[in-house]
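As a plain string of letters, each chain reads:
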Amino acid sequence: MRQKRVLVTGGAGFLGSHLCEKLLAFGYDVLCLDNFFTGNKRNIYHLLDKPNFELIRHDVTLPIYLEVDEIFNFACPASPVYYQKDPIQTTKVNVLGSINMLGLAKRVKAKILQASTSEIYGDPEEHPQKETYWGRVNPIGPRSCYDEGKRCAETLFFDYYKQNKVNIRVIRIFNTYGPRMYSEDGRVVSNFIVQALRDEDITIYGAGSQTRSFCYVDDLIEGALRMMNGPDNFIGPVNLGNTVEVTISELAEKIIAMTGSQSKIVYMPLPENDPIRRKPDISLAIEKLGWRPTVSLEAGIEKTIAYFKKLETEK
Ligand SMILES: NC(=O)c1ccc[n+]([C@@H]2O[C@H](COP(=O)([O-])OP(=O)(O)OC[C@H]3O[C@@H](n4cnc5c(N)ncnc54)[C@H](O)[C@@H]3O)[C@@H](O)[C@H]2O)c1
């Protein structure tokens, strides 16, 4: 029997590259598709000479024909700095990209998983967020291209499922961090670590009392794989994230302590529509997938610091 062939769109990005690695370790044929908008060849250099790994430079907003068994649709810039650079393109990646990938899945009868996001809940009135919560999203704000784009992508996934019987899965990813995050993309964990390693001021937007819960990348990838390989009668959406809440100030202090940095904390105004609290309810993932995060914040931060330390010394 031939080996399962798996397409990972956004495969050269932070999450995509970890996913490609894991799929190769299972012995699958992996097609990594990326246009390198926020992805980096450095993330996948170590995979390029593997016989089961193929790299395709392509933009998901354009159709492509490939013979595959499974598709992980991860292509989309995930950090506000990048997705707000070209908001029309961000909406296109989510809407046209999803249509192209769902069309492909339909033609070749592939199973397809969408990397959706906690941002579809917007600035929530409900806490923690359950999958049944419909969200509170500004349709015309600076984050809308991403939030509404991802919401529309979910709509498309469920309509292809209902109308065309495409075998879908939808995961809603909450803040995930780890090695291979891009140091300049403004995400809080990478920002703080890089600032701490350089002994620069650590910038907190707002008072620092806003909370987030951070999931380590290995936990997230495990959840995505369980969802893809789970039963066809559980298609999601399912929340995947860590439930341990920390304030942004606590995170900054932890990173300063763990890096032994001389950095000082400085406070800046909170950007528009930035949610005050964000925490997943993962009871559905526990019940249906037997999944829960296992990596502590300290252990995950330590590995991430080691990654950025190496990057800084290579400069
Ligand atoms: N990291 C998180 O905390 C998080 C949270 C929620 C959802 N997600 C979702 O997970 C996915 C991956 O996120 P990430 O953190 O790895 O971000 P990332 O920016 O590192 O990766 C996205 C990848 O998609 C590629 N890409 C962008 N536009 C493309 C296009 N038009 N065609 C082909 N490739 C394109 C980029 O070059 C990059 O390699 C995204 O869909 C994101 O929305 C991530």
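Everything below is about the structure shown above.
In this report, the structure presented in the accompanying data block is examined. Everything numeric in this text was worked out from a predicted model, so none of it was measured.

The subject of this paragraph is the overall build of the chain. When you go through the chain residue by residue, the secondary structure sums to nine helices and 13 strands. The C-alpha radius of gyration of the chain comes to 19 Å, within 12% of the 20 Å expected for a compact globule of 315 residues. The dimensions of the chain, computed from C-alpha atoms along their principal axes, are 55 × 45 × 40 Å. Classification of the 315 residues of the chain by burial places 56% in the buried group.

What follows covers the pattern of salt bridges. Applying the stated rule across the entire model yields 18 salt bridges. A salt bridge links Arg-226 to Glu-222, with the nearest nitrogen and oxygen atoms 2.8 Å apart. One end of the pair is Arg-226 and the other is Glu-222, both in helix α6 (residues 217-229) and four residues apart, which spans about a single turn. Two residues, Glu-287 and Lys-288, come together in a salt bridge whose shortest N-O distance is 3.9 Å. Among the residues examined, Glu-287 registers a relative accessible area of 60% and is labelled exposed. Within the structure, one salt-bridge network assembled from shared partners comprises Lys-4, Glu-70 and Lys-111.

Rules used throughout
Residues numbered from 1 in each chain as written. Predicted model: local features only at pLDDT ≥ 70, side-chain atom pairs only at ≥ 80, totals over all residues. Heavy atoms only, no water. Helix = DSSP H or I, 4+ residues; strand = E, 2+ residues; numbered from the N terminus. Rg over C-alpha atoms; globule rule 2.2 N^0.38 Å. Buried < 20%, exposed > 50% of the residue type's maximum accessible area, 1.4 Å probe, protein only. Salt bridge = Lys/Arg side-chain N within 4 Å of Asp/Glu carboxyl O.

Everything listed here is a matter of geometry and, on its own, says nothing about what the molecule does.
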